[in-house]
Amino acid sequence: MASLDGSTAVIPTDNSKPIYKRILLKMSGEALMGNGDHGIEPEVVNRIATDVCELVKLGVQVAMVVGGGNISRGATLAACGMDRVTADHMGMLSTVINALAMQDALEHHGAYARVMSAVKINQICEDYIRRKAVRHLEKGRVVIFAAGTGNPFFTTDSAASLRGIEINADAVLKATMVDGIYSEDPMKNPAAERFSSLSYDEVLHRKLMVMDATAIVLCRDNNMPLRVFDITKPGALRDVVMSEEEGTLVTSGDGA
């Protein structure tokens, strides 16, 4: 079956179907570092691109927000004495670099991808226009939202919640380095409790810092499901969109 932009859609051969039609995938910039301490590891970017392309072949519409902490983090620079607005602008530009790297990897794997920036740099990528972003998704293109919200003092977590709501995503998927939300950092406390599900208010009350409070409140007030999972686990991204077993689900319901 041909898509609107001339590509050929791949129809799944098994009887399983994705539980989401449209998702917003949020990744930290640190996820792109691999085993390094800064920058971009091409092998990691290519692996993630392969996983995303698999979702596209299953008919899932994929939007992404990638952080910039592997290059520059506004809050960290501000803590060292830099003007916070300047530092956050540097962080926004870092997310554009990561978005372009992800776009390139996706296109090398056969997907169509568009980077849309919240700040105007239209010689490099498109300006963010909500209706145009939705149209790209409807045509089967992966849309990568860059430069956060375009405003200082807001994190890319908040940008992910905002963009997910704006494009009417079925869920925001937060890719982390652990397999869900824990009562404490499981790297520091192996006995930390892992939750299969939580409510937004529980996340806020327990101060479980999986996303900043603004991002959680945006999801809560707009009833946007949030699922947290381990992006480093092979097949985890596909499992998240095919079943309800992977990671931790955050909704308005009671936690488990």
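Residues numbered from 1 in each chain as written. Predicted model: local features only at pLDDT ≥ 70, side-chain atom pairs only at ≥ 80, totals over all residues. Heavy atoms only, no water.

K.L.:
Give a detailed account of the pairing of strand β2 (residues 61-66), specifying residues and quantitative values.
P.N.:
For β2, a buried count of six out of six residues is recorded, marking the element as mostly surrounded by other parts of the structure. Because side chains alternate across β2, one face comprises the buried residues Gln61, Ala63 and Val65, and the other comprises Val62, Met64 and Val66, equally buried. Sheet topology places strand β1 (residues 22-27) next to β2; six bridges connect them, and they run parallel. Each residue of the ladder has a partner; that of Lys26, found in β2, is Val65. The sheet contact formed by β2 and strand β5 (residues 142-146) spans three bridges and is parallel. (Buried < 20%, exposed > 50% of the residue type's maximum accessible area, 1.4 Å probe, protein only. Helix = DSSP H or I, 4+ residues; strand = E, 2+ residues; numbered from the N terminus. Pairing = 2+ DSSP bridges.)

K.L.:
Requested: an account of the sheet that holds strand β4 (residues 126-127), with residues and values cited.
P.N.:
Across the sheet, nine strands lie side by side as β4-β3-β5-β2-β1-β6-β10-β11-β9; this open sheet has mixed pairing. Edge positions in the sheet fall to β4 and β9 (197-199), since each of these pairs with one other strand and no more. Most of the contacts of helix α5 (residues 156-166) go to β1, to which it runs at about 175°, and overall it touches β1, β2, β5 and β6 (171-176). (Contact = heavy atoms within 4.5 Å. Axes fitted to C-alpha atoms, helices over the stretch in contact; angles between N-to-C directions.)

K.L.:
If you had to explain the confidence of the model for the chain to someone new, which residues and values would you point to?
P.N.:
For the chain, per-residue confidence averages 90 on the pLDDT scale, and residues scoring 70 or more make up 93% of the total. A low-confidence stretch, residues 1-14 (pLDDT under 50), is modelled with 16 contacts involving residues beyond four sequence positions or located in other chains. (pLDDT = per-residue confidence, 0-100.)

K.L.:
Quick one: what's the story with the pairing of strand β11 (residues 248-251), residue by residue and with numbers?
P.N.:
Going residue by residue along β11, you find Thr248 and Val250 tucked away on one face and Leu249 and Thr251 left uncovered on the opposite face. For β9 and β11, the ladder comprises three bridges, and the chain directions are parallel. Residue pairing across strands places Ser199 opposite Thr251, the latter belonging to β11. In this sheet, β11 lies alongside strand β10 (residues 226-230) in antiparallel orientation, the contact comprising three bridges. By the bridge assignment for β11, Leu226 is matched with Val250.

K.L.:
Could you give me a rundown of helix α1 (residues 42-57), with the residues and numbers involved?
P.N.:
Taking 1.5 Å of rise per residue, 16 residues should cover 22 Å, and α1 covers 22 Å from first to last C-alpha, within 8% of that figure. Where α1 is concerned, the buried positions are Val44, Val45, Ile48, Ala49, Asp51, Val52, Cys53 and Leu55. The inward-facing, buried residues of α1 abut β1, β2, α3 (84-108), β5 and α8 (236-242). Once α1 ends, the next one or two residues include Gly59, with phi positive near 95°. (Expected span 1.5 Å × (residues − 1).)

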